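Notes for the structure review
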Amino acid sequence: MLKLIEKKKRGKALSDQELHEMMAAYVRHQIPDYQMSAFLMAVWFQGMDMAETLALCDAMIQSGATLDLSGISGVKCDKHSSGGVGDKTTLVLAPLVSACGATVAKMSGRGLGHTGGTIDKLESIPGLRTDLDPETFYHQAKTIHLVISAQNSQLVPADGMLYALRDVSGTVDSMPLIAASIMSKKIAAGCDAILLDVKYGEGAFMHDRAQAEALSQCMEEIGRQFGRDVKCVLSDMNMPLGNAIGNILEVKEAISTLRGNGPQALQALCEDEGSIMLMQAKLAASYPEGKAMIRAAMQDGRGLRRFREMVKAQGGDVSCIDDPSRFASAPFIFTVNSSCDGEVRMIHALAIGTLAMELGAGRQSLHDTIDPRVGIVLLCHKDMKVCRGDPIAQVHAASPLDQQWLDRLQKAIEIR
């Protein structure tokens, strides 16, 4: 391992065999985390060429079982986001696309740094299991046509181990590591068509559009090499998506959106991405047709019913879906008011995401426990006029907050 760290540190490419042997040894716990952290940092500095990225992705796939979904009729679809603040799109989009006739089988991840993870959000539903074995994953995909699972000791275990290590080693925002992580889960899950929401901006891992385009091209190439239909959508993450940031709060907002009452930006993104997925699944002939199908599944309640079916199948308490007031709530709720008259010019995603993480909605270290109750709900939006004293945010916290923290939240919502 030391030789491989040295090789990558000096900017040399690792062979297919070296990367496969490394991942296999790491999964067998023959390589300690401190050495793998050093390797990840070397990758962060030196990068990887396309051949290395493909080999790393394949090595991660081969670290565990892979799923064969060919016994399920039709095109099997998957969707993934590269990470953002308040991004609960999957919780809305996957049930809607499934309700329109597609099979959506998704392997997802936990939150990294200031960004939220779909699995953390789902696990805030009491009783819901995401650690599904391959047989359960396949059965649910075939019978309900919607399943969302975490990678585990059987499915892409190398990614699960690296995912947590990247979070605490400062190597989250490495393009080859992001691409290999996302695509290993997508390919191992066995789907034919994959939609990737690649986010850019201050609240995303790719800070500008050019980086996001480069990541998109990398993942599309990986998809081609593995025979998958991969489409990428670039979306702005300079501001949080929707109003809720925090796990239970985001699940509640997703339920509201499935009922047709969600934030406009979130609903619009789901309609856009859902239309593309339905075209990939050969269920819609055009973008307008796909968009109309997604809207109809939202308006007539089919999307929410499909989400409820998935929650029930994975052991979750569906009474919380029927009545979101049954979710646990934080013991302290604070309202933050505007300190001046003016117009909301910007709601800074990175600052909001960091503050939510500090509340316990995200992880600052490898062994941190998520508090699903905590987070921030925005009570204002860009271009909204406010007066001094108007409520602009609501904070859900596990303990009292000092004025300095509240002042930071005020500054994250730029009013002029």
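See the structure above.
Right, let's walk through the structure included here. (Residues numbered from 1 in each chain as written. Predicted model: local features only at pLDDT ≥ 70, side-chain atom pairs only at ≥ 80, totals over all residues. Heavy atoms only, no water.)

Our next topic: the overall build of the chain. A tally of helices and strands in the chain yields 17 helices and twelve strands. Accessible surface computed for the chain: about 16,200 Å², of which carbon and sulfur atoms make up 50%. With 43 positive and 49 negative side-chain charges, the chain shows a spacing of 1 Å between the two charge centroids. (Helix = DSSP H or I, 4+ residues; strand = E, 2+ residues; numbered from the N terminus. Areas by Shrake-Rupley, 256 points an atom, 1.4 Å probe, with all protein chains shown as cover. Lys, Arg positive; Asp, Glu negative; His and termini not counted. Charge placed at Lys NZ, Arg CZ, Asp CG, Glu CD.)

What follows concerns the environment of Asn152. When you line up the elements, Asn152 lands in the loop between β3 (146-150) and α8 (157-169). The contacts of Asn152, once residues within four sequence positions are left out, are Asp131, Leu132 and Pro157. (Contact = heavy atoms within 4.5 Å.)

This paragraph deals with unusual backbone geometry. Phi at His29 is positive, roughly 65 degrees, even though this residue is not glycine. As for its position among the elements, His29 is in the loop between α2 (16-27) and α3 (33-46). A positive phi angle is found at His145, which is not glycine, with a value near 70 degrees. Mapped onto the secondary structure, His145 falls in the loop between α7 (134-143) and β3.

Now for helix α12 (residues 264-280). The end-to-end C-alpha distance of α12, which contains 17 residues, comes to 24 Å, matching closely the 24 Å that a straight helix rising 1.5 Å per residue would cover. Listing the buried residues of α12 in full gives Leu266, Leu269, Cys270, Glu271, Glu273, Gly274, Ser275, Ile276, Met277, Leu278 and Gln280. Phi turns positive, to about 65 degrees, at Lys282, one or two residues after α12. (Expected span 1.5 Å × (residues − 1). Buried < 20%, exposed > 50% of the residue type's maximum accessible area, 1.4 Å probe, protein only.)

Let us look at empty space enclosed by the protein. Going through the model one piece at a time under the given rule, you end up with three cavities of 30 Å³ or more. Approximately 270 Å³ is the volume attributed to the largest cavity. His80, Ser81, Ser82, Gly83 and Tyr163 are, among the 26 residues lining the largest cavity, the residues nearest its centre. Mapped onto the lining of the largest cavity, the elements with two or more residues apiece are β1 (76-81), α5 (89-99), β2 (103-108), α8 and α9 (175-188). In terms of residue count, α9 provides more of the lining of the largest cavity than any other element does, four residues in total. (1 Å grid on protein atoms, 1.4 Å probe; cavity = no way out; pocket = protein on both sides within 12 Å on 5 of 7 lines; lining within 4 Å. Points joined across faces, edges and corners; volume = space filled by probe spheres on them.)

Purely spatial values, then, with no claim about function.
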